[in-house]
Amino acid sequence: MNVSYNWLKKYLDVNLTPDELSALLTSIGLEVDGMEQTQSIKGGLQGLVVGKVLTCVPHPNSDHLHVTTVDVGADKPLDIVCGAANVAAGQKVIVATVGTTLYDGDNSFTIKPSKLRGVPSNGMICAEDEIGVGTDHNGIIVLPDDVPVGTLAKDYYKVESDTCFEVDITPNRADAASHYGVARDVYAALRAKGQDPHLSRPSVDAFTPDDNRPGIKIDIQNPQACPRYSGILIEGVTVKDSPEWLQKALKAIGLNPINNVVDVSNYILFGIGQPLHTFDADKIDGQTIVIRNCAEGTPFVTLDGQERKLSADDLMICDANKPLCIAGVFGGLESGISDSTKRVFIESAWFNPVSIRKTARRHQLSTDASFRFERGTDPDNVIYALKRAALLIKEVAGGQIVTDVQDVYPNPVKPFEVTISRRRCFNLIGKEIPEPTLQTILSSLEMNVCQDDGDELQLLVPRYRVDVTREADVVEDILRIYGYDKIELPGENRTTVVYAEKPDRTKVMNIIGDMLASRGFTEIMNNTLTRAAYSDILPQTCPADRNVLLANPLSSDLNTLRQSLVFGALEVARLNRNHRNANLKLFEMGNVQSRKPDSDKADYKSYSESYHLSLLMTGLRAEANWATKAEPVTFFDLKTEVRNVIARLGLNPQAITEEPISDDLFAEGLQLNVEKTKTLVKFGAVNPAVLAKFDIDAPLFYAEFDVKTLIAKSAQQNKVHYAPVPKFPAVKRDLALLVDTEVTFAQISQLARKIEKKLLKEVSLFDVYQGKNLPAGKKSYAVSFILQDEEKTLNDKQIEKVMSQITAAMSRELGAELR
């Protein structure tokens, strides 16, 4: 939120410099992100002076330019070529001297010595719009004759300088989302330091209705969502531009003035924190305001011209026939203030924060009003803000207040009652605060002591402090106003922190992350929130009925927790490819969440969370160079990396089984299981139809591990065993097997190990052939077998026996033939 130094001083007689005030704000929890010097006119009219035109003659080479000499109070007059038709000798004008920067919106240009059609020109005689003091460009500014030559333009136009603070308001501090709210905190901090500043806001004692007509009737049909609603009717207003002081105040915090009526409501909002809404009363059917909910799907056009479908849960401000405004969020197009408005109905209300927050999220609207209402406004500020707005509108737009305040407040709320113990308070703070200081801080924060029992204090906390409802909240407020920097460190430090070893998962994943990084992978981290609509792309992998949907999503792009890491990985791949970074090796570690289909959303047991590891490879494995050709990534490159992860954790390859998969995610791939039923990892080539949804037009390979299973098996098997180097030689035998195309090497390897468990040390595939000279539906596998006896040298008879058993099993169970 932007805070104007000059505006703040209207509520608090602070003598701090902007830098001192910035430091103080940050120390009391209102962190200042930045400061900017501003002027009521952009550029502050620096370099502009009042001059007198001494001579003015036609330009010798132009039919519309004039050559002038202008006295600006310098040693000698300036020669200036001017194109304005109304320039004449003897006039007092505004002159931009050489070096002056003039602004046109976000653009600017600097006055330089120049020649215009051969005649030197050393300055510029200015029009209103050229220096930002008006919009007229019909001619130059002509000032009264009594203005002294050499007067600075900034002094003549009374340019005001200001400092704008960019203050970070935390979600719990809705009370500080206004200039008066910030001033209130500064007041408390200064009083705690022993100073005696004066805090005040403009009086509304002058409020008196000019008439006492019935006015607009108010009917609250949903008091739970709208506990309080008030209004005033003003007639005879003239909608026009706001006066200069009001425009300056709004511009100082970056707001563009609209018209005098709307500007007053914004001035109240940012001044004292109460959102208001102004209606054209002539557009209120039946002269009745009804606060209710509309039917599901009711169309409503908001101020931005967009038609929205209302939810039955949206609280609406309606007239006798139709909705006028989304309560506390956004106004309607048909009921807003226009240049022809003569009767204005001012709304000041207190809405239920939960109702406003849900509506704002549902329609993806975030306004200055909803920001405050959904965090909690002050119900006791409603009437003051309404009277203040009415007086200001009468001042800047004329008219008469024709009704008294109409206030519907069926169930008034009381201040929060909080009991604190001095002993617990000082123990939490770590220091005993002097009693006078404690009482000063509490009174400055408007926390009234209603009972003092020696140790315990019973406090009445004002309703605008929606974040202070417990003893710990009060202690936090006392400490931030007292000053964290005043709490000395004790002579010895005591701590209850227990140091423990990191969980096994953290250690294991660090090992895997280091290994993948060393192999050229880059770690990515995505939001755990994703789009529920992605379930339409992968209905089998991420079923819609297993999504953990958010009750109040920030947007439709972030409305569910992810069931898989794949969507984040594909989004990252798309982003990188769009930025011409097509060769990717990525990995991610993170939680995924799901729930049981058709389960009760309130039953926490129906939800599950697991930790996954994903790998993604696409593009080239190696760039082309003088020695090698470019090599694209293949399925087997990913399989190698999957096996590397498994091997790094010491899992026994013989305990892992493979099965081919083909589903909505993978066009073809493998699933590795342990104990036959527990899935360790799924990997393969991502389905082209899925890639097309992400605008990826190159093959992409993806793997996703279940880390819980991965770690559990590594913990069981990853034990270091020592054995002497074999003394006896190993023997290698090769077989050329003709098998059906459906047979995989994994089946061959598993079968061979099943037949010979002691002597068979390794099975590897060194050639695959399918095509010419082979029967249809067949392929050839060239397989190597390594045999070794650790106790003696193998003889030919033993070797042939083992190979015969393996060959027979291959023929019997897989239909393999020797070539």
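Worth saying up front: this structure is predicted, and the values here are computed from it rather than measured.

Asks: Please explain the sheet that holds strand β30 (residues 548-549) as it appears in this structure.
Replies: Here three strands make up an open sheet; going across it, the order is β29-β31-β30 and the pairing antiparallel. In this open sheet, the two edge strands, each paired with only one partner strand, are β29 (529-530) and β30. Across two bridges, the pairing between β29 and strand β31 (residues 560-561) is antiparallel. For L529, the partnering residue across the bridge sits in β31 and is L561.

Asks: Even after reading the chapter, I still don't get the confidence of the model for the chain, so can you show me in this structure?
Replies: Interpretation of the predicted coordinates at a detailed level should be avoided for regions scoring low in pLDDT. Here the chain averages 91 in pLDDT, while 97% of its residues score no lower than 70. Confidence drops under a pLDDT of 50 for residues 498-503, and excluding neighbours within four residues, the segment shows two contacts in the predicted structure.

Asks: When you look at the packing of aromatic side chains in this model, what are you seeing that I'm missing?
Replies: Aromatic ring pairs are described here by two measures, namely the spacing of the ring centres and the angle between the planes. Summed over the entire model, instances satisfying the criterion amount to 12 aromatic pairs. On the numbers, 4.8 Å between centres and 10 degrees between planes, the contact of W7 with Y267 is stacked. Note that W7 is positioned in helix α1 (residues 5-8) and Y267 in helix α7 (residues 260-272), a separation of 260 residues in sequence. Like Y267, W7 is buried. Plain terms: the ring middles of F567 and F694 are 6.5 Å apart, the flat faces sit at 25 degrees to each other, and that makes the pair stacked. Of the two residues, F567 is situated in helix α15 (residues 566-578) and F694 in the loop between α17 (688-693) and β39 (700-706); the sequence distance between them amounts to 127 residues. Under the relative-accessibility criterion, F567 is labelled buried at 5%. For F694, a relative accessible area of 1% puts it in the buried group. By way of ring pairs, the aromatic residues W7, W245 and Y267 are connected into one cluster. Between the NZ or CZ atom of R184 and the centre of the ring of Y464, over which it lies, the distance is 3.8 Å. K486 extends its terminal NZ or CZ atom over the ring of Y482, reaching a point 5.0 Å from the ring centre.

Basis of the calculations
- Residues numbered from 1 in each chain as written.
- Predicted model: local features only at pLDDT ≥ 70, side-chain atom pairs only at ≥ 80, totals over all residues.
- Heavy atoms only, no water.
- Pairing = 2+ DSSP bridges.
- Helix = DSSP H or I, 4+ residues; strand = E, 2+ residues; numbered from the N terminus.
- pLDDT = per-residue confidence, 0-100.
- Contact = heavy atoms within 4.5 Å.
- Phe/Tyr/Trp six-rings, centres within 6.5 Å; stacked < 30°, edge-to-face > 60°.
- Buried < 20%, exposed > 50% of the residue type's maximum accessible area, 1.4 Å probe, protein only.
- Lys NZ or Arg CZ within 6 Å of the ring centre and 35° of its normal.

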